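Listed below, chain by chain, are the residues.
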There are 2 protein chains.
Amino acid sequence: MVVLETVADLQPVGVSELAAHLKQPKTSVQRALETLHEASWIRPAVGERTRWELTFRASRLARKAGNHFGLREAALPIMEQLRRETNETIHLAVLDDFEIVLIERLESPHAVRHVEPLGGRAPVLSTATGKAMLSCMDGDEVARVYNEAVKAESQSVAVAPPPSLDALMAELAEIAARGYATTTSWRQDVFATGAVIVAADRRPIAALSVSTPAGRATPENRALHAQLLPIAAQQISEHLF
Amino acid sequence: MVVLETVADLQPVGVSELAAHLKQPKTSVQRALETLHEASWIRPAVGERTRWELTFRASRLARKAGNHFGLREAALPIMEQLRRETNETIHLAVLDDFEIVLIERLESPHAVRHVEPLGGRAPVLSTATGKAMLSCMDGDEVARVYNEAVKAESQSVAVAPPPSLDALMAELAEIAARGYATTTSWRQDVFATGAVIVAADRRPIAALSVSTPAGRATPENRALHAQLLPIAAQQISEHLF
DNA sequence: GTACGATGTTCCAAATTACGGAACGAATTT
DNA sequence: AAATTCGTTCCGTAATTTGGAACATCGTAC
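Residues numbered from 1 in each chain as written. Chains lettered and ligands numbered in written order. Predicted model: local features only at pLDDT ≥ 70, side-chain atom pairs only at ≥ 80, totals over all residues. Heavy atoms only, no water.

Going by what an unreviewed UniProt entry lists, chain A is known as Transcriptional regulator, IclR family and is assigned to Devosia limi DSM 17137.

The subject of this paragraph is the packing of aromatic side chains. Two descriptors summarise a pair of aromatic rings, namely the distance from one centre to the other and the angle between the planes of the rings. Within the structure shown, the criterion is met by zero aromatic pairs over all chains. Across the ring face of A:F191, the terminal group of A:R222 is positioned such that the distance to the ring centre comes to 3.9 Å. If you follow B:R178 out to its NZ or CZ, it ends over the ring of B:Y180, 4.6 Å from the centre. (Phe/Tyr/Trp six-rings, centres within 6.5 Å; stacked < 30°, edge-to-face > 60°. Lys NZ or Arg CZ within 6 Å of the ring centre and 35° of its normal.)

With that settled, the discussion passes to the interface of chain B and chain A. Across the contact, 49 residues belong to chain B and 49 residues belong to chain A. Broken down residue by residue, the surface that chain B buries against chain A is led by B:M1, B:F56 and B:L118, which jointly contribute 16%. Applying the counting rule to chain B against chain A returns twelve salt bridges. Across the pair B:D97 and A:R60 runs a salt bridge, and its minimum N-O distance is 3.9 Å. Here chain B and chain A share 14 residue pairs in polar contact (both at pLDDT 80 or more) between them. Breaking the side of chain B that touches chain A down by element, the ones donating at least two residues are α1 (2–10), β2 (52–54), α4 (57–64), α5 (71–86), β3 (89–96) and β4 (99–106) of chain B. In terms of residues, the side of chain B that touches chain A owes the most to one element, α4(B), which gives eight residues. Looking at the side of chain B that touches chain A residue by residue, the classes come out as 22 nonpolar, eight polar and 19 charged. (Contact = heavy atoms within 4.5 Å. Buried area = accessible area lost by both parts, 1.4 Å probe. Salt bridge = Lys/Arg side-chain N within 4 Å of Asp/Glu carboxyl O. Polar contact = N/O pair within 3.5 Å; in protein donor to acceptor, adjacent residues only side chain to side chain. Helix = DSSP H or I, 4+ residues; strand = E, 2+ residues; numbered from the N terminus. Nonpolar A, V, L, I, M, F, W, Y, C, P; charged D, E, K, R; others polar.)

Further remarks concern the protein's contact with DNA strand C. In the region of DNA strand C, the neighbouring residues are A:P25, A:T27, A:S28, A:R31, B:G14, B:V15, B:S16, B:K26, B:T27, B:Q30 and B:T50. Taken together, the sugar and phosphate atoms account for 49% of what DNA strand C places within 4 Å of the protein. The contact in question runs from a base oxygen of DNA strand C to an N or O atom on the side chain of A:T27, over 3.1 Å. Note that a phosphate oxygen of DNA strand C is positioned 3.1 Å from one of the side-chain N or O atoms of B:Q30. Elements represented by at least two residues in the surface near DNA strand C include exactly α3 (26–38) of chain A together with α2 (15–22) and α3 (26–38) of chain B. For the surface near DNA strand C, the residue count by class is two nonpolar, seven polar and two charged. (Near = heavy atom within 4 Å.)

What you tend to see is this: most non-glycine residues have negative phi, and most peptide bonds are trans. Residues and elements named next belong to chain A. Here the amide bond leading from Q11 into P12 is cis, since omega sits at -5°, within 30 degrees of zero. Position of P12 relative to the elements: it lies in the loop between α1 (2–10) and α2 (15–22). Unusually for a residue other than glycine, K23 sits at a positive phi of about 55°. With respect to the element layout, K23 can be found in the loop between α2 and α3.

Take a look at the structure:
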């Protein structure tokens, strides 16, 4: 499986290059490639015979990941309604380790709109969806995610300096109390409102967000989003079980 | 890896149920689950301890599958431009076995619009994207895909009766000559135009499509799409290498 | 409250499989 | 023409997997 993930990073890639990256004997890597090929997870690259690339086998799994108890099906109709009511882009995201993954998106009909790539990832600490999900997790788990996220962010280009853990905890308490999170720090000029979707036991499953360009983030619109979003998220939570 | 795929289908699922489905000893399945868990491909289901569900590890791969030579990055700006010029929904799809997989989507700004779920699959024989891709494959390969697709469709609810292989071949020749495919048979009330994106050696990589509700599919709009789409697909093909 | 069925887990010896160094052929570069 | 790089094959050793059986745990029915 490590070979598979490395092929994903380096594709199209041959045996020797892989072996060098993995610091493993060529023979072992060769065998792994044969196995992955037999199972149709990889195939020879277009027009080549000895370099490999991914097939779409992984994508069939990916569609099912994070779809616990029919999340996508439960969420889409309510997302559609929310888009009608707000005319803004609606995102559905789940938490993976210390990152937010976008699993569904409905775009705003406006000409100026906020669009994230499908399947894209975003930092948990600076997004409305991320903070909404953290707001209903217990302290230990928040601390764990916080540490991993800070470590990861310090290695990449800093989007914004992460808040202290104490400041974050205070903000999360506030978010939990009022039922929604907001942010502008992830994408400049985008104002986002996020609310959490929970399982029957109140554990966080996913988060829903409304994203609007800063120019349209009037007090009236902010208030509208803050009012509608928690209700929509709540409806999805109830439809899950 | 078979266990992994079965977990995807049955999640959340326990050892015994899996073993029964796979007709394998419980012990072997148990070991596979342990391994997958250690590698973070699965985790205990939310609020449970002995049933398993997928993590998002597969999604990281899925994003890279079908992204040969930076397809997504090359395609997006041109897709944006195409949306501006047509005001209709633009889809980017690739071929997986005998199905079309949607890997990127930009929605029409119109209130009435055609929306497919992200990562969704569609039959190759009845979609514009599918036929566009087939149109630049050689006869043997088309026949192979045709047979598999017919076999698969016969098991599910028939969307439309598949054409004969000869009729298909004739249509593909026409599509290849004029540079674009059209269809209305996949989704009723949706008129789609598709064109193929090729590698340097003219092998098909992906397909681009413009989808419009039947009501807006006027002769003028059809002509506009038929004119713009092959150019856009061609531009993406050239940017790939 | 106890018996039952279903489910998850552990153990262990036999047998299969993986391991990886070395050698080889083919393709490309010097 | 020699040298390097790359993919592939071979093979004895060694480690791992295998799966039946026993055990543990949970929920349920009587």
